[in-house]
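Descriptive analysis of the structure
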Amino acid sequence: MRDVFRNISLIMTVVAVAGLTGCTMPTKTIDTSDKLAAAKDEGGTVVYGKFRLLRNGQEVRLDDGVFANSAKLHIHTDTGALEMIGKVGRGGEFAWALTPGDYQLNSIRVTNRSETTSPQTNLRFTVPAGGKAVYLGTMTLETTLDYGYYGLSGTFDSVTIDNDCASDCADRLAQLGLPAGDTVTSLIQQEGTLAGTR
């Protein structure tokens, strides 16, 4: 009888571990000095930048409230071993703690007027070792979206990456409590085209 319970316990443990593999976890969003200190203690490197959403040529204001227009970036390690969700905060700014290495940004989950869409992307970025903050750039997703009888429909037209470090980096470093000039630029790179139609 003990063997039966032992086997059942072993099976439940295997199922639980299998369920955990491939799970998506949020990246550590950094928005306070306490979180910055914790990220550094755990060996994370601060990566930061900005995300912009254009809908029919007009910029959509992004926020982190429950009913706000929002964005989350789905990130995988280069080996595919770990999937993470990078939350975009107020005004489209983001700052996360990631370990050095290569990453893929596979999709962008956008909520606009309570409708959610997730265009697939072919984006990559590298977090170099060395402990400095890493600037990823300003990513702009341009869309043509309409609301019809069946909800949101349209196309995802393009993703562009701009280097706005000259105007953005000093302020962002100050907000994050990091020394001026303590940054490395490692812009997000696009490979292939955006998966366009929803």
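Below is a short write-up of the structure. Throughout this document, residue positions are counted from 1 along each chain, in the order its sequence is written. Restriction of local features to residues with pLDDT of at least 70 applies here, the model being predicted, together with a cutoff of 80 or more for giving and counting side-chain atom pairs; totals for whole chains, interfaces and linings are based on all residues. Side-chain numbers come from the whole structure's heavy atoms, not from hydrogens or water.

1. Thoughts on the pattern of salt bridges
- Salt bridge, as used here, is a side-chain nitrogen of Lys or Arg placed within 4 Å of a carboxyl oxygen of Asp or Glu. Tallying each qualifying case throughout the model produces four salt bridges.
- Between E59 and R52 there is a salt bridge, with the nearest N and O atoms lying 3.2 Å from each other.
- A salt bridge links R90 to D63; the nearest nitrogen and oxygen atoms lie 3.0 Å apart. One end of the pair, R90, is in the loop between β6 (83-87) and β7 (93-98); the other, D63, is in the loop between β4 (58-60) and β5 (70-77), with 27 residues separating them in the sequence.
- You can call R90 exposed: its relative accessible area is 52%.
- Categorising residues by exposure relies on relative accessible area from a 1.4 Å probe, with only protein chains included: less than 20% of the type maximum marks a residue as buried, more than 50% marks it as exposed, and the intermediate range marks it as partly exposed. According to the relative accessible area criterion, D63 is buried, its value standing at 18%.
- Connected through shared salt-bridge partners, R61, D63 and R90 make up one network. Under the scheme used here, helices are H or I runs from DSSP no shorter than 4 residues and strands are E runs no shorter than 2 residues, and both carry numbers assigned from the N terminus.

2. A short note on the packing of aromatic side chains
- Centres within 6.5 Å are what make two rings of Phe, Tyr or Trp a pair, Trp counting through its six-membered ring; a difference in plane orientation under 30 degrees is then read as stacked, over 60 as edge-to-face, and the rest as tilted. Scanning the model with the defined rule gives three aromatic pairs in all.
- Between Y48 and Y135 the ring centres are 5.6 Å apart and the planes differ by 55°, which places this aromatic pair in the tilted class. Separated by 87 residues along the polypeptide, Y48 in strand β3 (residues 45-55) and Y135 in strand β11 (residues 133-148) bring together distant segments of the chain. Here Y48 matches Y135 in class, with each residue buried.
- Judged by centre distance (4.4 Å) and plane angle (15°), the rings of F94 and W96 are stacked. Residue F94 shares its accessibility class with W96, and that shared class is buried.

3. Notes on the pairing of strand β8 (residues 101-112)
- Strand pairing follows a simple DSSP-based rule, namely that at least 2 bridges must link the two strands. As paired elements, β5 and β8 share eight bridges and run antiparallel to each other. Its bridge partner being in β8, H74 is matched across the sheet by S107.
- Of the pairings in the sheet, the one linking β8 to strand β10 (residues 120-127) comprises six bridges and is antiparallel in character. For Y103, the partnering residue across the bridge sits in β10 and is F125.
- When β8 meets strand β9 (residues 115-117), the two strands line up antiparallel, connected through three bridges. For N112, the partnering residue across the bridge sits in β9 and is E115.
- Between β8 and β9, which pair antiparallel one after the other, the connecting turn spans two residues, and R113 there sits at a positive phi close to 55°.

4. Some details on helix α3 (residues 165-176)
- Turning to α3, its buried residues number three or more, namely C165, D168, C169, R172, L173 and L176. Each buried residue of α3 sits inside an arc of 125° when the element is viewed along its axis, so together they form one side. Counted as exposed and oriented over 90 degrees from the buried face of α3: A166, S167, A170, D171, A174 and Q175. Working definition: the arc comes from the directions between the helix axis and the C-beta atoms, pointing outward to the latter.

5. Quick word on the state of the cysteines
- Any two cysteine sulfur atoms within 2.5 Å of one another count as a disulfide. Enumeration according to the criterion identifies one disulfide in this entry.
- The disulfide partner of C165 is C169, and the gap between their sulfur atoms is 2.0 Å. Where C165 bonds to C169 through sulfur, the torsion about that S-S bond is close to -120°, and the disulfide is left-handed. Remark: C169 and C165 occur in helix α3; sequence separation between them is four residues, near one turn of the helix.
- Given the relative accessible area of 16%, C165 is considered buried.
- Look at C169 and you get buried, because its relative accessible area is 4%.

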